[in-house]
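One letter stands for each residue in the lines below.
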Amino acid sequence: MMDAYSNMSAPPRSKVRQVVRPIGRYVKFDIYGVDFTPPFKSPQDFPSPQDWLDDFIAQHGEALDAVPRPSGYMIGYCNHKGISGYGEDCRICRDPVLTVAILGRVSGSMYIPQRRILFGSWLEKVHEKCFMLSRKYVFPERYFPQFQSGANLP
């Protein structure tokens, strides 16, 4: 009798595809989706993103450390073009301090709570091309008490 697994001379005819559907509500963080009203300055008002970040940290450094944010590591979903599949269960974070506190501590798609606030080269590339395109990150809402009350709906 021949073992069915021993025939490796041809590629498989079927494909397996894993589909992950989000459960619960999510918060979307996008640096260019933030409401930059005074006293906050928009990144577009500066010659480079690094100048904006340096100014933002100098002006709001204490608030960045004090804002309620997750104290543990999180893996978020990142998409350069847009985030699909989250629909009505995705809220947009409009708070500049919370957005910078989260996005500045993301490396790859992992949020590292003790990481120094730093944006990578992707922000420089975004600044050169178009302000409206940037990486967007989605994290579970349950880690953000600001969104639990329902006050910050998109």
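Provided above is the structure to which this section pertains.
Residues numbered from 1 in each chain as written. Predicted model: local features only at pLDDT ≥ 70, side-chain atom pairs only at ≥ 80, totals over all residues. Heavy atoms only, no water.

**Concerning helix H2 (residues 96-103)**
For step 1, the next point in the chain: In terms of burial, H2 is largely enclosed, as eight of its eight residues are buried.
For step 2, the next point in the chain: Along H2, the residues classified as buried are Pro 96, Val 97, Leu 98, Thr 99, Val 100, Ala 101, Ile 102 and Leu 103.
For step 3, the next point in the chain: For H2, the elements touching its buried residues are strand S1 (26-29), helix H1 (49-66), strand S5 (106-107), strand S6 (110-111) and strand S7 (136-140).
For step 4, the next point in the chain: The backbone nitrogen of Val 97 has a side-chain oxygen 3.3 Å away, supplied by the residue at the start of H2, namely Asp 95. (Buried < 20%, exposed > 50% of the residue type's maximum accessible area, 1.4 Å probe, protein only. Helix = DSSP H or I, 4+ residues; strand = E, 2+ residues; numbered from the N terminus. Contact = heavy atoms within 4.5 Å. Polar contact = N/O pair within 3.5 Å; in protein donor to acceptor, adjacent residues only side chain to side chain.)

**So, the side chain of His 60**
For step 1, the next point in the chain: With respect to the element layout, His 60 can be found in helix H1.
For step 2, the next point in the chain: For His 60, a relative accessible area of 13% corresponds to the buried category.
For step 3, the next point in the chain: In this structure His 60 touches Pro 39 and Phe 40, once residues within four positions along its chain are discounted.

**Topic: the nonpolar core**
For step 1, the next point in the chain: Among the nonpolar cores identified, the biggest contains 29 residues, and Phe 29, Trp 52, Val 100, Phe 139 and Phe 144 are the most heavily contacted of them.
For step 2, the next point in the chain: Elements supplying a minimum of two residues to this core: S1, H1, H2 and S7.
For step 3, the next point in the chain: It is H2 that provides the largest number of residues to this core, a total of six residues.
For step 4, the next point in the chain: Setting aside residues up to four positions removed in sequence, Trp 52 forms contacts with Ile 31, Phe 36, Lys 41, Ser 42, Pro 43, Phe 46, Val 100 and Phe 119. (Core = buried A, V, L, I, M, F, W, Y, C linked by side-chain atoms within 4.5 Å.)

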